[in-house]
Amino acid sequence: RSLIHELHPEWRSELSLKGAVDWLAKQTQEKYGLPCVSELAASPKPLNKDVQEVLFQAVRELLVNTVKHAHASKVRILGGCVKGWIRIRVIDDGRGFDSSKIFSPSPKTGGLGLMIIRARLGFLGGNLYIHSRAGAGTSAMIALPQNETKSVEE
């Protein structure tokens, strides 16, 4: 039950993306003891709830991966709207990895969560970019054109 509540709490649909990501950062810090700072600017236009959910789940997956694999001492979530694009970066100071293999899942390495994020963002005209080096941490950037984020009513 707690997993379902965490993934789809009813109250989250009432929050902005910034509010939901701030909540997620706080939960990550409290639940896993990983210092997590959210510096996400509010969107200048209201986001379609489905698009907001895709962005939220993408950030959540990136944070879960950081907790599971990075051995990081801190993580930051940065972003906002720049030149017609919503850009959200999740940056950790962990051990890093060879990012050239991340979108080629195998039974040994996994990678399905990131492939699903990339596919969902791609359906909306966006993408997921990962930059990492062994020993140098990881920077993941979610990029989504702002014109894809308009409300259905607009």
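Scroll up to find the structure this text is about.
Keep in mind it's a predicted model, so treat the numbers as computed, not measured. (Residues numbered from 1 in each chain as written. Predicted model: local features only at pLDDT ≥ 70, side-chain atom pairs only at ≥ 80, totals over all residues. Heavy atoms only, no water.)

A. Spatial organisation of the sheet that holds strand β3 (residues 85–92). Pairing is mixed in the open sheet, where five strands are placed in the order β1-β2-β3-β5-β4. Because the sheet does not close on itself, it has two edges, and the strands there are β1 (36–40) and β4 (127–132). Neighbour-to-neighbour, the strand axes of this sheet turn through a mean angle of 10°, independent of strand direction. Examined bridge by bridge, strand β2 (residues 75–82) and β3 share eight bridges and lie antiparallel to one another. Looking at the pairing, Val82 lines up with Trp85 of β3. (Pairing = 2+ DSSP bridges. Helix = DSSP H or I, 4+ residues; strand = E, 2+ residues; numbered from the N terminus. Axes fitted to C-alpha atoms, helices over the stretch in contact; angles between N-to-C directions.)

B. Broad picture of the pattern of salt bridges. Across all of its chains, the model carries three salt bridges by this definition. A salt bridge links Lys26 to Glu30, with the shortest nitrogen-to-oxygen separation between them at 4.0 Å. Residue Lys26 and its partner Glu30 are both found in helix α2 (residues 17–32); the two are separated by four residues, about one turn of the helix. This pair shows no difference in class: Lys26 is exposed, exactly as Glu30 is. (Salt bridge = Lys/Arg side-chain N within 4 Å of Asp/Glu carboxyl O. Buried < 20%, exposed > 50% of the residue type's maximum accessible area, 1.4 Å probe, protein only.)

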